[in-house]
Amino acid sequence: MRRSLFALNVFILISASIFAETMVPTEALAVGPVGRYGRVPFHRDPVHHALIMGDLREPVEGDVLFGLDEAQHEWHAVTVNEEGWFESSSLRGGYAWVNVEADAAGTYILDASGHGMVYVNGEPRMGDLYETGYVKLPVSLKAGQNSLLFHVTRGRFRASLRRAEAAAALNPDDLTLPDRLRNEDPDEDLLGAVPVMNLTADPLIAWVLDVEGPNGAIKQTALPTITPYAMRKVPISFPYMAPGEDETEQTYRIRLKPKDQDEPVDEISVMLRVRDSTDTHRRTFVSDIDGSVQYYAVTPAKPDGDDAPPAFVLSLHGAGVEAQNQAEAYTAKPWCTIVAPTNRRPFGFDWEDWGRWDALEVWDEALRRFPHDPHRVYLTGHSMGGHGTWHLGVTFPDRFAAIGPCAGWPSFGTYALRDESEAEEPLEALFHRAIAPSRTLDLVGNLAVLGVYILHGDADRSVPVEQARRMRTELGAFHPNFAYYEKPGGGHWWGDDSMDWPPLFAFLQDNTLPAPGERESFTFTTASPAVSSHFDGIHIHTPRRMMELASITVDRDHEENRITLSTDNVARIAIEPHGLDTKRAIEIELDEQLFPELMWPEKGEPFWFQYNNDGWTATERPAPLVKGPHRFGPFKEAFQNRMVFVYGTAGTEAETAWAYAKARFDAESFWYRGNGAVDLVSDDAFTPEAYAGRNIVLYGNADTNGAWSALLPDAPIQACMDGVRIGERVLEGDALGLLFVYPRHDCDRSSVAVVGGTGLEGMALTERLPYFVSGVGYPDWAIFGSETLLDGISGVRAAGYFTKTWELDPTDSTY
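Each chain has its residues counted from 1, following the order in which its sequence is written. Local features in a predicted model are, by the rule used here, given only for residues with pLDDT of at least 70; side-chain atom pairs are given and counted only at 80 or more, and totals for whole chains, interfaces and linings are based on all residues. Here the side-chain values reflect all heavy atoms present in the structure, with hydrogen atoms and water set aside.

1. Considering the environment of Ile 717
Cut-off, in case you're wondering: The numbering of helices and of strands both runs from the N terminus, where a helix is a DSSP run of H or I of at least 4 residues and a strand a run of E of at least 2. Any pair of residues with heavy atoms lying within 4.5 Å of one another is described as a contacting pair.
By the element assignment, Ile 717 lies in strand β43 (residues 717–720). A C-alpha to C-alpha distance of 9.5 Å links Ile 717 and Glu 728, two positions 11 residues apart in sequence. With near-sequence residues (within four places) excluded, Ile 717 lies in contact with Trp 708, Val 724, Arg 725, Ile 726, Leu 738, Phe 740, Trp 781, Phe 802 and Leu 808.

2. Concerning the packing of aromatic side chains
The condition that has to hold: Ring geometry is summarised as follows: Phe, Tyr and Trp rings, the Trp one being its six-membered ring, pair when their centres sit within 6.5 Å, and such pairs are stacked at plane angles under 30 degrees, edge-to-face over 60 and tilted between the two. Per-residue accessibility, obtained with a 1.4 Å probe over protein chains only, is compared with the maximum for each type, and a residue is labelled buried under 20%, exposed over 50%, and partly exposed between these values. Each ring is checked for a lysine NZ or an arginine CZ that lies within 6 Å of its centre and within 35 degrees of its normal; such an atom marks a charge sitting over the ring.
Tallied over the full model, the rule gives 50 aromatic pairs. Here the aromatic rings of Tyr 134 and Trp 671 are separated by 5.6 Å at their centres, their planes lie at 65°, and the arrangement is edge-to-face. A residue pair is termed long-range when its members are at least 10 positions apart, and Tyr 134 in the loop between β10 (123–126) and β11 (136–141) and Trp 671 in helix α9 (residues 653–674) qualify at 537 residues. Across this residue pair, the class does not change: Tyr 134 and Trp 671 are buried. The ring centre of Phe 505 lies 4.6 Å from the NZ or CZ of Lys 333, which sits over that ring.

3. A word on a negative patch on the surface
Which entries qualify depends on this criterion: Residues with no salt bridge and a relative accessible area higher than 30% make up the patches, which join like charges within 9 Å and nonpolar side chains (Val, Leu, Ile, Met, Phe, Trp, Tyr) within 5 Å. Residue burial considers only the protein chains on display, and all accessible areas are found by Shrake-Rupley using a 1.4 Å probe. Definition used for salt bridges: Asp or Glu carboxyl oxygen within 4 Å of a side-chain nitrogen of Lys or Arg. Here Asp and Glu are counted as negative and Lys and Arg as positive; His is not counted, and neither are the chain ends. Charge coordinates come from a single atom per side chain, which is NZ of Lys, CZ of Arg, CG of Asp or CD of Glu.
Negative charge collects at one region of the surface, where Glu 520, Asp 555, Asp 557, Glu 559 and Glu 560 lie side by side. Tracing the backbone through its elements, the reader meets Glu 520 in the loop between α8 (502–509) and β30 (521–526). Using a relative accessible area of 54% as the deciding quantity, one classes Glu 520 as exposed.

4. Concerning the side chain of Thr 525
Note on placement: Thr 525 falls in strand β30. Once residues lying within four places of it in the same chain are set aside, the contact partners of Thr 525 are Leu 443, Asn 446, Leu 549, Ala 550 and Ser 551.

5. Focus on the pairing of strand β28 (residues 451–457)
We count it as follows: Pairing between strands requires that DSSP locate at least two bridges from one strand to the other.
For β28, a buried count of seven out of seven residues is recorded, marking the element as mostly surrounded by other parts of the structure. Neither face of β28 is open: one carries Gly 451, Tyr 453, Leu 455 and Gly 457, the other Val 452, Ile 454 and His 456, and all of them are buried. In this structure, strand β27 (residues 402–406) lies alongside β28, joined through three bridges in parallel fashion. Within β28, the position partnered with Ala 402 by the bridge is Gly 451.

6. Comments concerning the sheet that holds strand β20 (residues 249–258)
Read from one edge of the open sheet, five strands run β15-β21-β20-β17-β18, paired in mixed fashion. Only two strands of the sheet have a single neighbouring strand rather than two, namely β15 (180–181) and β18 (218–222). For β20 and strand β21 (residues 266–275), the ladder comprises eight bridges, and the chain directions are antiparallel. In the strand pairing of β21, Gln 250 is matched with Leu 272.

7. Thoughts on the pairing of strand β33 (residues 550–557)
Here β30 pairs with β33 via six bridges, running antiparallel. Bridging across to β33, Thr 526 finds its partner in Ala 550. Bridge analysis of β33 against strand β34 (residues 562–568) gives seven bridges, and the strand direction is antiparallel. Each bridged residue has a counterpart across the sheet, and for Asp 555 the counterpart in β34 is Thr 564. In sequence, β33 turns back onto β34 through a hairpin of four residues, with Asn 561 there showing a positive phi of about 55°.

Okay, structure coming up:
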């Protein structure tokens, strides 16, 4: 037997049979799992390490490989089953190597499922981790043998390749659609979205989508440029046609074509449900996160004669559940409207990161659209949505009068038994702080101002009842207003009552949200001002130490027109005089430092204070450059604000190919996990003016990305092909990976992020970093070597947080 220098998780060598224009794998070789993954910033994977270092070769049956555990793993044969899946216990967290013979070079549509990702002739492409079946990606095959290296995650996978027959195509399996409502405003744009695939080696420019309604009316949407061999989900607009009284659906034709051509290249039919506005229904909106079209579902209130505006309930779904199904699980109630956001996908982001932002976007959108009582607003959710209820509740305690987590788990630490205690090593501590907003128990004190109803089945095997009991214990130590119910014999789901539980809704109904300034005292803690910065008019703008808990305790004396505050880890604070008489002098005591006779300015600006070594001083609103809720970091915060992915073309052909492939992979990953739509732009086509006000993600380094000099001329971190400069220090080498975020100097709110490194090996180290996975975080900047793929976080060479004015901070970094 031959021995490889590197171990595999699971490899499979598959022969392909060709049926007409479709190639389907039929036989395979497999080897047992040896990698280490999970919600960690750097996975340990000797296969990935070998691939990047150029040491990975095609396996042969009987080869023995050595993993991280030093155990031997030998290739063995597996065969596709009757349903077309390769299924084996060896395929849990492993790889699959597929050889495909193509008669001629061309474009194929890869239809695969069950894998986390795949390298197609060395280029990374997104997988279908959750077996949704809608991942269909255009790939370029060369004449002769092509290699596909799948990373398989859940014990099975399938794959086929169908030759493309046109320049572009639609994917009808991942549509975002609204409902057509009777009596809706005919002038309001009814939006949807459909994936478009570019099946050529050239950009798709000046193409359109025509949407034709049942009455022949057409609305045309211009497509954004779609880069080569890429997929992009694009918005569409449906022409108006008033539905008939008994009509339950309307059919529309979507046609894809070049703008100057009459005949479509591809077309599909879609059906919109017709609903009354009083029925449970779907609505769509444009997200400010990335400009994509998202939907949410609504179960409207059905008043019983009471003219009072209804209450508002935000309901968060569980893993694998559609928002539409979440809303339909509730019986319509006379006293409240129930709105269900999507978390961006049924699995999405566990209601953290972009899932949290989606919930807030839907919250704001629905509050604008639906009449409601602002003092009766509530939050609930089931399973993963129960976790989201805990998470949003502790993060935004002044938004809700009460919360009701059902079958929920508080945090990844309690549910997955992940150690959330403070890291002892300085390097680990930097990364540990980056996920501070995820640690529910650190923020549980924020729930003191909310009503809380905990519902759980005592026989729940999916989320053990110990999760609820843990929170009962936590709340029991301080909380004055919470209720707890364990359903005897109740599993994870015992029917719609699992969340549409009458006592829970009665509890919510009994709680009201005080008016601004009505509370006499409260304590508020935040892990990051970029996530949650304020409570009842008191704003924590900047902490003294980044991504560590910052808190305020507030006492208001309405009679004396006085606010007394004590703070911890707060560097800059803004105070609005909610509940006080702004026509009289206001007195503020800040950490026992008195500021008497303050008059509320006519322009309505808050009182601003800044902490220095000598104590607090009154000041003005800080300059936009200063870190704050508008722009704070850490690294993952750059992926919002309609971000643009700019790939470098100034390097060699191989460096340009890497930058484009990585940017495309990130766009595909954000589409798959977050129903996203991101603009991909080459550096030579990018101008700051054309993308003003938007966040930018640069792929490459200063030598390979021509946009670097325009966006990061004075950044304290500079990278080229042979090294990275951090202030005055230089890390030399052509195999260093790099991530960092920095302010965009031509904009007051936008950021620039870098995904790159030194040399091809260094840049490739970023290819599969899980920054689109919830519960994973990175500091403001990090530089790492290939050792991370074998040893994990200990392979990081330097990392840290910038100061509040975005300078290097030797006291808060490891360089």
